[in-house]
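Listed here are the chains, written in short residue letters.
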Amino acid sequence: VQLQASGGGLVQPGGSLRLSCAASGSTFSTYAVGWFRQAPSEEREFVSAISWSSYTQYYAGSVKGRFTISRDNAKNTVYLQMNSLKAEDTAVYYCAAAAGRVTPGRSEYEYNYWGQGTQVTVSS
């Protein structure tokens, strides 16, 4: 599976962005998918994850209520809608996929495949 993250950019505080994670491979619809982010000089951290069926969704406490994860298996794409963005949301955002999991993980070590990252900058 190859993953391509896109949709990042520069946005003002309070603004919105929608990230996309497009995947190749016919089995992507069976994979759990997670979003992680890494700010400069920081460790990579969990943001959100979704099961293959969309039934289970997890969010980090810092983004809960502001970010929404979703997926369209027909398009092999997972989305991260980010609203009410804050300066502290500035980071490179990565999507990752995990094979053979019923529920999505919150640890980066549970994911087999990674996209290249997309930069999100929240600044006035």
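Below is a summary of the structure that appears in this document.

What counts and how
- Residues numbered from 1 in each chain as written.
- Predicted model: local features only at pLDDT ≥ 70, side-chain atom pairs only at ≥ 80, totals over all residues.
- Heavy atoms only, no water.
- Helix = DSSP H or I, 4+ residues; strand = E, 2+ residues; numbered from the N terminus.
- Contact = heavy atoms within 4.5 Å.
- Buried < 20%, exposed > 50% of the residue type's maximum accessible area, 1.4 Å probe, protein only.
- Disulfide = S-S within 2.5 Å.
- Pairing = 2+ DSSP bridges.
- Core = buried A, V, L, I, M, F, W, Y, C linked by side-chain atoms within 4.5 Å.
- Salt bridge = Lys/Arg side-chain N within 4 Å of Asp/Glu carboxyl O.

## Side note on the environment of V122
Alright, step 1. Within the secondary structure layout, V122 lies in strand β11 (residues 118–122).
Alright, step 2. For V122, the contacting residues outside a window of four places in its chain are V11, Q12, P13, L85, K86, A87, D89 and T90.

## Comments concerning unusual backbone geometry
Alright, step 1. Despite not being glycine, S54 shows a phi value in the positive range, around 75°.
Alright, step 2. Within the secondary structure, S54 sits in the loop between β5 (45–50) and β6 (57–59).
Alright, step 3. Owing to a relative accessible area of 24%, S54 belongs among the partly exposed residues under this scheme.
Alright, step 4. One non-glycine residue, N76, lies in positive phi territory at about 55°.
Alright, step 5. Counting through the fold element by element, N76 comes out in the loop between β7 (67–72) and β8 (77–82).

## Quick look at the state of the cysteines
Alright, step 1. In this structure the tally under the stated criterion is 1 disulfide.
Alright, step 2. Through a disulfide, C21 is tied to C95; the S-S separation comes to 2.2 Å. Torsion about the S-S bond of the C21 and C95 cystine: about 70°, corresponding to right-handed handedness. With C21 in strand β3 (residues 17–23) and C95 in strand β9 (residues 91–98), this pair connects stretches of sequence that are 74 residues apart.

## Examining the pairing of β11
Strand residues, when the strand is regular, have side chains that alternate between the two faces of the sheet.
Alright, step 1. Only one face of β11 is covered, namely the one carrying T118, V120 and V122; the face carrying Q119 and T121 has none of its residues buried.
Alright, step 2. As defined by bridge partners, strand β2 (residues 9–11) adjoins β11 across 3 bridges and the pair is classed as parallel. Note that in β11 the partner of G9 across the bridge is V120.
Alright, step 3. Sheet topology note: the β9/β11 ladder contains 3 bridges and is antiparallel. Looking at β11, one finds that A91 is bridged to V120.

## Side note on the nonpolar core
Inside soluble globular proteins, nonpolar side chains tend to come together where they are buried.
Alright, step 1. W35, F67, V78, L80, M82 and Y93 are the most contacted members of the largest nonpolar core, which totals 35 residues.
Alright, step 2. Top contributing element to this core by residue count: β9, with 6 residues.
Alright, step 3. What Y93 contacts, discounting residues up to four positions off in sequence, is A5, L19, W35, F36, R37, V47, F67, L80, M82, G117, T118 and V120.

## Quick notes on the pattern of salt bridges
Alright, step 1. Under the criterion given, the structure shown has 5 salt bridges.
Alright, step 2. The salt bridge involving E108 is made with R44; its shortest N-O contact spans 3.0 Å. Pair noted here: E108 is in the loop between β9 and β10 (113–114) and R44 is in the loop between β4 (32–38) and β5, with a separation of 64 residues, a long-range link.
Alright, step 3. For E108, a relative accessible area of 23% puts it in the partly exposed group.
Alright, step 4. Overall, R44 belongs to the partly exposed group, its relative accessible area being 26%.
Alright, step 5. Overlapping salt bridges, with partners in common, bring together R37, E45, R66 and D89 in one network.

These figures come from the coordinates and say nothing about function on their own.
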